Amino acid sequence: MSVTLPSPLGGKPPVEIPLAKAPLERVIAQVQFSRIIKINDQLSIGGFQDNIRNEYPHLDIVNEQILQVQIGPMGQSMAPMQRPVYVFHDMYRNWRITLTSESVALDVKKYTSRNDFLERWSKILETVGAQFSPHVVGLGMRYIDRIKDAEFTRVKELIKEVYLGPLFPKFVDQVQ
C-alpha cells in the first residue's frame, strides 16, 4: 500500500485579508536540502538561470566564508572554506532568489498577494527540482512585520500577551 502525502504547497491557501496599512516588511520562504556540490560550480547553474532569467535577470555572486571544524580521534582541525551564494533579483530588486549548495530561498519586500508569492515559489521549487533533484531536509516560511511611527505607541494593544508569554511584561516596560 502506497501513501502519498500532499506537497507543502498543496491545497488552497487560507483566505487573504488585505490590510490598508500592513506592517509587512519582508516574506521569506526557504527549502534546505542535502549538499549538492555541483551548485558550487558556476557552469552548473546555467540551466537554472536560463529558466528564471525572464523574471529574475540580475545575478550577484557572493563568496560566503565558512569555517569547517572536524573533531576526530586525532584531535580537531579547522579549515576556512568559501562557497558561492547566487543571488538572483527581479528588474526592480524587490524579489530575490538565493541559491546555495544546501538551500534555495525566495524573499520579497512588497508583494501583491499570497497567491503571487506561492506561484513564484512553486516555479522556483520546480526549477530547482528539475535541475538538481535535491533531497529536501527542511522547509520554512517567515513573515516579518515591523510596527513603527505612530502605530508603535499602540503596540501593547496590537500584540496579545499570549504570544509573548513571560516576555510580555518586560516588552511592555521597554515600549513605555
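Okay, so let's go over this structure.

## As for the environment of Ser 133
For step 1, the next point in the chain: Within the element layout of this structure, Ser 133 appears in the loop between helix H2 (114-132) and strand S6 (136-145).
For step 2, the next point in the chain: As for Ser 133 and Phe 33, which are separated by 100 residues in sequence, their C-alpha atoms are 9.7 Å apart.

## Details of the pattern of salt bridges
For step 1, the next point in the chain: This model, assessed by the stated rule, comprises nine salt bridges.
For step 2, the next point in the chain: Of the charged contacts in the structure, one is a salt bridge between Glu 102 and Arg 35, with a shortest N-O distance of 2.6 Å. Residue Glu 102 is found in the loop between strand S4 (95-99) and strand S5 (103-108), and its partner Arg 35 is found in the loop between strand S1 (24-33) and helix H1 (46-52); the two are separated by 67 residues along the sequence.
For step 3, the next point in the chain: On the accessibility criterion, Glu 102 (24% relative accessible area) is partly exposed.
For step 4, the next point in the chain: Looking at Arg 35, the relative accessible area reads 51%, which means it is exposed.
For step 5, the next point in the chain: Here Arg 96 and Asp 107 are joined by a salt bridge, their closest N and O atoms 3.0 Å apart.

## Structural notes on empty space enclosed by the protein
For step 1, the next point in the chain: Summed over the entire model, instances satisfying the criterion amount to one cavity of 30 Å³ or more.
For step 2, the next point in the chain: In this structure, the largest cavity occupies an estimated 30 Å³ of space.
For step 3, the next point in the chain: As for the largest cavity, its lining consists of Ile 52, Glu 55, Tyr 56, Arg 120, Lys 123 and Ile 124.
For step 4, the next point in the chain: The element that contributes the greatest number of residues to the lining of the largest cavity is H2, accounting for three residues.

## Description of the side chain of Asp 90
For step 1, the next point in the chain: Positionally, Asp 90 belongs in the loop between strand S3 (75-89) and S4.
For step 2, the next point in the chain: Buried charge without a salt bridge: Asp 90, with Arg 120 as the nearest opposite-charge side chain at an N-O distance of 5.5 Å.
For step 3, the next point in the chain: At 2.8 Å, the side chain of Asp 90 forms a polar contact with the backbone nitrogen of Arg 93.
For step 4, the next point in the chain: A distance of 2.7 Å separates a polar side-chain atom of Asp 90 from the backbone nitrogen of Asn 94.
For step 5, the next point in the chain: Those residues within four positions of Asp 90 in sequence are excluded, and the remaining contacts are Glu 55, Tyr 56, Pro 57, His 58 and Trp 95.

## What to know about the nonpolar core
For step 1, the next point in the chain: The biggest cluster of nonpolar side chains holds 25 residues, and the ones touching the most others in it are Phe 88, Ile 97, Leu 99, Val 104 and Phe 117.
For step 2, the next point in the chain: Listed by contribution, the elements that provide at least two residues to this core are S1, H1, S3, S4, S5 and H2.
For step 3, the next point in the chain: When residues in this core are grouped by element, the largest group, six residues, is from H2.
For step 4, the next point in the chain: Among residues more than four places away in sequence, those in contact with Phe 88 are Ile 45, Phe 48, Gln 49, Ile 52, Tyr 56, His 58, Leu 59, Trp 95, Arg 96, Ile 97 and Leu 99.

## What to know about the packing of aromatic side chains
For step 1, the next point in the chain: With the rule as written, the count across this model stands at four aromatic pairs.
For step 2, the next point in the chain: Centroid distance Phe 48 to Phe 132: 6.4 Å. Interplanar angle 40°. Geometry classified as tilted. Linking Phe 48 in helix H1 with Phe 132 in helix H2, this pair joins segments that are 84 residues apart in sequence.
For step 3, the next point in the chain: Assessed through its relative accessible area of 0%, Phe 48 is described here as buried.
For step 4, the next point in the chain: Given the relative accessible area of 7%, Phe 132 is considered buried.
For step 5, the next point in the chain: Aromatic side chains Tyr 111 and Phe 117 sit 6.0 Å apart centroid to centroid with 90° between the ring planes, which places their arrangement in the edge-to-face category.
For step 6, the next point in the chain: Taking the relative accessible area as the measure of exposure, Tyr 111 reaches 18% and is therefore buried.
For step 7, the next point in the chain: The structure contains a cluster of three or more aromatic residues connected by ring pairs, namely Phe 48, Phe 88 and Phe 132.

Conventions we followed
- Residues numbered from 1 in each chain as written.
- Predicted model: local features only at pLDDT ≥ 70, side-chain atom pairs only at ≥ 80, totals over all residues.
- Heavy atoms only, no water.
- Helix = DSSP H or I, 4+ residues; strand = E, 2+ residues; numbered from the N terminus.
- Salt bridge = Lys/Arg side-chain N within 4 Å of Asp/Glu carboxyl O.
- Buried < 20%, exposed > 50% of the residue type's maximum accessible area, 1.4 Å probe, protein only.
- 1 Å grid on protein atoms, 1.4 Å probe; cavity = no way out; pocket = protein on both sides within 12 Å on 5 of 7 lines; lining within 4 Å.
- Points joined across faces, edges and corners; volume = space filled by probe spheres on them.
- Lys, Arg positive; Asp, Glu negative; His and termini not counted.
- Polar contact = N/O pair within 3.5 Å; in protein donor to acceptor, adjacent residues only side chain to side chain.
- Contact = heavy atoms within 4.5 Å.
- Core = buried A, V, L, I, M, F, W, Y, C linked by side-chain atoms within 4.5 Å.
- Phe/Tyr/Trp six-rings, centres within 6.5 Å; stacked < 30°, edge-to-face > 60°.

Limitation: the analysis is restricted to geometry and does not speak to function.
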